[in-house]
Number of protein chains: 2
Amino acid sequence: MTEQAGISIQQIVEKVWLSIAERRLRPGVQLKEGQMAAIFDVSRARIRQALAALEREGLVTIIPNRGAFVCQPTVDEARDVFTIRRSVEGRVVARIGASVTKADLTRLRSHVAQERTANANDATTDIIKLSGGFHLLLAEISGSDFLFGMMRDLISRTSLITAVYRNTARFNCGPDEHAEIVDAIAAGDLKKASGLMEHHLEHVESELDLREVRDMSHDLRAALA
Amino acid sequence: MTEQAGISIQQIVEKVWLSIAERRLRPGVQLKEGQMAAIFDVSRARIRQALAALEREGLVTIIPNRGAFVCQPTVDEARDVFTIRRSVEGRVVARIGASVTKADLTRLRSHVAQERTANANDATTDIIKLSGGFHLLLAEISGSDFLFGMMRDLISRTSLITAVYRNTARFNCGPDEHAEIVDAIAAGDLKKASGLMEHHLEHVESELDLREVRDMSHDLRAALA
DNA sequence: ATATGAAATATTGTAGACAATTTCCTGATG
DNA sequence: CATCAGGAAATTGTCTACAATATTTCATAT
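Residues numbered from 1 in each chain as written. Chains lettered and ligands numbered in written order. Predicted model: local features only at pLDDT ≥ 70, side-chain atom pairs only at ≥ 80, totals over all residues.

Student: Give me unusual backbone geometry: which residues, what numbers.
Tutor: Phi at N65 of chain A is positive, roughly 65 degrees, even though this residue is not glycine. In this structure, N65 of chain A sits in the loop between β2 (60-63) and β3 (67-70). Backbone geometry at D122 of chain B places phi at a positive 55 degrees, although glycine is not the residue there. Turning to its location among the elements, D122 of chain B is positioned in the loop between α5 (102-121) and α6 (124-142). With 10 C-beta atoms packed within 10 Å, D122 of chain B lands in the exposed category. (Helix = DSSP H or I, 4+ residues; strand = E, 2+ residues; numbered from the N terminus. Buried ≥ 20, exposed ≤ 12 C-beta atoms within 10 Å, placed from the backbone.)

The following block contains the structure:
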């Protein structure tokens, strides 16, 4: 069969993504094909495809004849990602406002509810998945495959950035701000929804420590001083 | 060796991209692996990687167990692409203004000069490559790998959209407007450069025929009426 | 003792073969 | 005559083996 007892490529990608988001896989670490093939008990061919997918999501860098490494996003790149997210998600909200159904609102409210329970239970893994999933759900509802794909990319990169530059112990992207956005959309107040989204993203960005160099050598010198 | 007499994946991707941009490959056409492997005289494994790359650039859709097909972007998706391009390229110009060198300006002017000669000679292939290349060069100069990758994606999609919805015989993205943008950047006038870029993109979009359905069945009925 | 270089090891890149699925064609039946 | 079932051909998905490249290790010479 197509998936003979082995896990699918998508599942491998998600497992690696989660490991990175949970900081179990540090930036710069090499993801060796043979090693991963042994861990997931599949052939290297499938691992290669999973790594290629992770590369297009901006989570790993593949250097020819060298291998795949977990990305180390720079501060500037982090700021770029948030800048573009503000544009793209603004477009998403604008598109949703035009044609939102009752079923869409139900899905959104249900998602926010899931986020609340995950937060209450301190279920870290669920919190990470769901907080990104909310934004992805909005993109899906917008009905544009292009915007959905773009958001998928941006969410992945944001996860990595968050894993690297987060300084607070608690996870951001809290459900309350999500709930407010849903309410604004439900009320048909596009301008408000757009403003709330922008504010939300600025809030998330502000919780990161984006003050210049986190260079290895710099840290070493600081440690030895 | 790694490339034993065979062409690289990147070269395959570029050839396919060019075929699509030149309308030799129509939307909806299936790109069969065996067929392509025979054409380029490489193994299917390399073709598969090329197709995966084309998928992430938004040029083909891969349906599991079915194959790869040239995408058929909708009118809405086309508008989304241009909307996002305006945001991303605005960010690119902003980043460039901060730290543009004399060498950068030389490269830009050289590129525009190449565009002019290609236009003068009616070298269609070169015109297509160079007109997208200008925007890509700007992204490269901005120094952000993230923005560069995003622009690469957007340019590919724009090429497909142009191939599908262009109604004028002549290619858009003329070198004159590019030259103006370079001049504004050289003068350090960020606001003007940003405005020119926005105007340029609106101009390109306006030259497309984005008036609703280009459905096959619709065309058939119209033809039989 | 350190630096250089060459062999050994490990890892990635590619190709070809096999398995599974889908599609298309043929033929039987209501 | 249309429709649906069955089988053959074609196409995609996956695995294993081999070739090329990079890294490490160890010996040797300065």
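Student: Account for the relation of the copies chain A and chain B, with residues named and values stated.
Tutor: Each copy of the chain is related to the other by a rotation around an axis and a translation along that axis. Screw-axis analysis of chain A against chain B gives a translation of 0.1 Å along the axis, an RMSD of 0.1 Å, and a rotation angle of 180 degrees. Such values leave the two copies arranged in the relation of a two-fold axis. When C-alpha positions in chain A are compared against the rotation axis, the closest is assigned to S87 of chain A, at 3.2 Å. (Least-squares fit on C-alpha atoms with pLDDT ≥ 70 in both.)

Student: Please provide a residue-by-residue account of the sheet that holds β2 of chain A, values included.
Tutor: All names here are of chain A. With antiparallel pairing, three strands are arranged side by side in an open sheet as β1-β3-β2. Of all strands in the sheet, those bounded by a partner on one side alone are β1 (30-31) and β2. Of the strand pairs in this sheet, β2 and β3 are connected by four bridges, and their pairing is antiparallel. Note that in β3 the partner of I62 across the bridge is A68. Together, β1, β2 and β3 form the strand contacts of helix α3 (residues 44-56), whose direction differs from that of β2 by roughly 115 degrees. (Pairing = 2+ DSSP bridges. Contact = placed C-beta atoms within 7 Å. Axes fitted to C-alpha atoms, helices over the stretch in contact; angles between N-to-C directions.)

Student: Outline the interface of chain A and chain B, listing residues and values.
Tutor: The interface of chain A with chain B comprises 17 residues on the first partner and 17 residues on the second. Residue assignment for the side of chain A that touches chain B shows that the elements contributing at least two residues are α3, α4 (75-98) and α7 (145-165) of chain A. With nine residues, the single largest contributor to the side of chain A that touches chain B is α4 of chain A. Its residues assigned to classes, the side of chain A that touches chain B shows seven nonpolar, four polar and six charged. (Nonpolar A, V, L, I, M, F, W, Y, C, P; charged D, E, K, R; others polar.)

Student: Pulling in residues and values, what's your account of the sheet that holds strand β1 (residues 30-31) of chain B?
Tutor: All names here are of chain B. Taken in spatial order, the three strands make up an open sheet running β1-β3-β2, and their pairing is antiparallel. Sheet topology places β1 and β2 (60-63) at the edges, where each strand pairs with a single neighbour. Packing against the sheet, helix α3 (residues 44-56) makes contact with β1, β2 and β3 (67-70), and its axis sits at approximately 115 degrees to β2.

Student: Mind laying out the environment of S142 of chain B, listing which residues take part and the relevant values?
Tutor: Along the chain, S142 of chain B falls in helix α6. Distance in space between the C-alpha atoms of S142 of chain B and D104 of chain B is 9.8 Å, their sequence separation being 38 residues.

Student: Can you tell me about α7 of chain A, naming the residues and giving the values?
Tutor: The end-to-end C-alpha distance of α7 of chain A is 30 Å, a good match for the 30 Å that 21 residues give at a rise of 1.5 Å each. Of all 21 residues in α7 of chain A, 16 are buried, a share of seventy percent or more. (Expected span 1.5 Å × (residues − 1).)

Student: Give me the confidence of the model for chain A: which residues, what numbers.
Tutor: Residues and elements named next belong to chain A. For chain A, the mean per-residue pLDDT works out to 88, and 88% of the residues sit at or above 70. Helix α10 (residues 216-224) is the least confidently modelled element of chain A, averaging 40 in pLDDT, while helix α5 (residues 102-120) averages 96, the highest of any element. Under a pLDDT of 50 for its full length, residues 214-225 has, in the predicted model, one contact with residues more than four places off or in other chains. (pLDDT = per-residue confidence, 0-100.)

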